[in-house]
Amino acid sequence: FKVLKASGETSRFIGDARPQNEMMHELGIRVPDMELPNLREVVDASTKYSFGWDADGVAYFYQFLMHSSLRSVYGITLVALRGAFKRLRMRTPPMGATWVPAFASAVGAALCELVAKRVKEDFKKKNKKCDFYLRNWIDNFFCFAETAEVALAVQVEFVRLCKELN
């Protein structure tokens, strides 16, 4: 089914992934824990640094294409008034699948690590100090930095890398 988003302009597709989640449970497939930052750590970083920004990964889960073997597991069936039906397979993970938040969080954490590494290397080449905090909370990203220059450099690299990785 579809639910109208708060903007009123678009809808969010909601799929029932409980049968697939149960199948994973029956097969003994354990969803890994999410590596979320400690909330106190985020609050402390926000008060320690003078500059910062945040970003929301818009339609974040739908940025990831599923492998063809997973596509056969997730889909929808559309039924017409006269009983004819059509089966469609999802190309991106459904929000209701238990593994999706952990996967999305891991991708976000890897993105933060790569951005941090590149920014620190760049500032080291310039022989400049570079102190900042960059973490994700699933599809939300937080950066707090000592200077506006560093905060901007992290943001520019974050956007550049997101575009590079599509």
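Residues numbered from 1 in each chain as written. Predicted model: local features only at pLDDT ≥ 70, side-chain atom pairs only at ≥ 80, totals over all residues. Heavy atoms only, no water.

Draft legend 1. Representation of the overall build of the chain in the model. Each helix and strand in the chain was counted, giving five helices and seven strands. In the chain, the order of α-helices and β-strands from amino to carboxyl end is β-β-α-α-β-α-β-β-α-β-β-α. Scaling as 2.2 N^0.38, a compact globule of 166 residues should have a C-alpha radius of gyration of about 15 Å, whereas the chain reaches 20 Å, well beyond that. Taken over the C-alpha atoms alone, the chain extends approximately 70 × 40 × 30 Å along its principal axes. For the chain, the residues scored as buried account for 30% of the 166 residues in total. Considering only contacts in the chain between residues 6 or more positions apart, those separated by 24 or more positions represent 65%. A total of about 11300 Å² of accessible surface is found on the chain, and carbon and sulfur atoms cover 56% of it. Computed over 24 positive and 19 negative side-chain charges, the separation of the two mean positions in the chain equals 8 Å. (Helix = DSSP H or I, 4+ residues; strand = E, 2+ residues; numbered from the N terminus. Rg over C-alpha atoms; globule rule 2.2 N^0.38 Å. Buried < 20%, exposed > 50% of the residue type's maximum accessible area, 1.4 Å probe, protein only. Contact = heavy atoms within 4.5 Å. Areas by Shrake-Rupley, 256 points an atom, 1.4 Å probe, with all protein chains shown as cover. Lys, Arg positive; Asp, Glu negative; His and termini not counted. Charge placed at Lys NZ, Arg CZ, Asp CG, Glu CD.)

Draft legend 2. Structural detail: the packing of aromatic side chains. All chains considered together, the criterion is met by seven aromatic pairs. On the numbers, 6.1 Å between centres and 70° between planes, the contact of Trp99 with Phe103 is edge-to-face. Taking the relative accessible area as the measure of exposure, Trp99 reaches 16% and is therefore buried. Linked through ring pairs, Trp53, Tyr60, Phe64, Trp99, Phe103, Phe141 and Phe158 together constitute an aromatic cluster. Directly above the aromatic system of Phe123 lies the positively charged group of Lys126, at a separation of 5.5 Å from the ring centroid. (Phe/Tyr/Trp six-rings, centres within 6.5 Å; stacked < 30°, edge-to-face > 60°. Lys NZ or Arg CZ within 6 Å of the ring centre and 35° of its normal.)

Draft legend 3. Structural context of the nonpolar core. Core analysis: the largest hydrophobic core is formed by 31 residues, its most contacted members being Trp53, Tyr74, Val115, Phe132, Leu134 and Val154. Those elements that place two or more of their residues in this core are α4 (100–125), β6 (132–137), β7 (140–145) and α5 (148–165). Element by element, the count of residues in this core is highest for α4, at eight residues. Setting aside its immediate chain neighbours within four residues, Tyr74 contacts Ala17, Gln20, Met24, Met66, Arg89, Met90, Pro94, Ala97 and Trp99. (Core = buried A, V, L, I, M, F, W, Y, C linked by side-chain atoms within 4.5 Å.)

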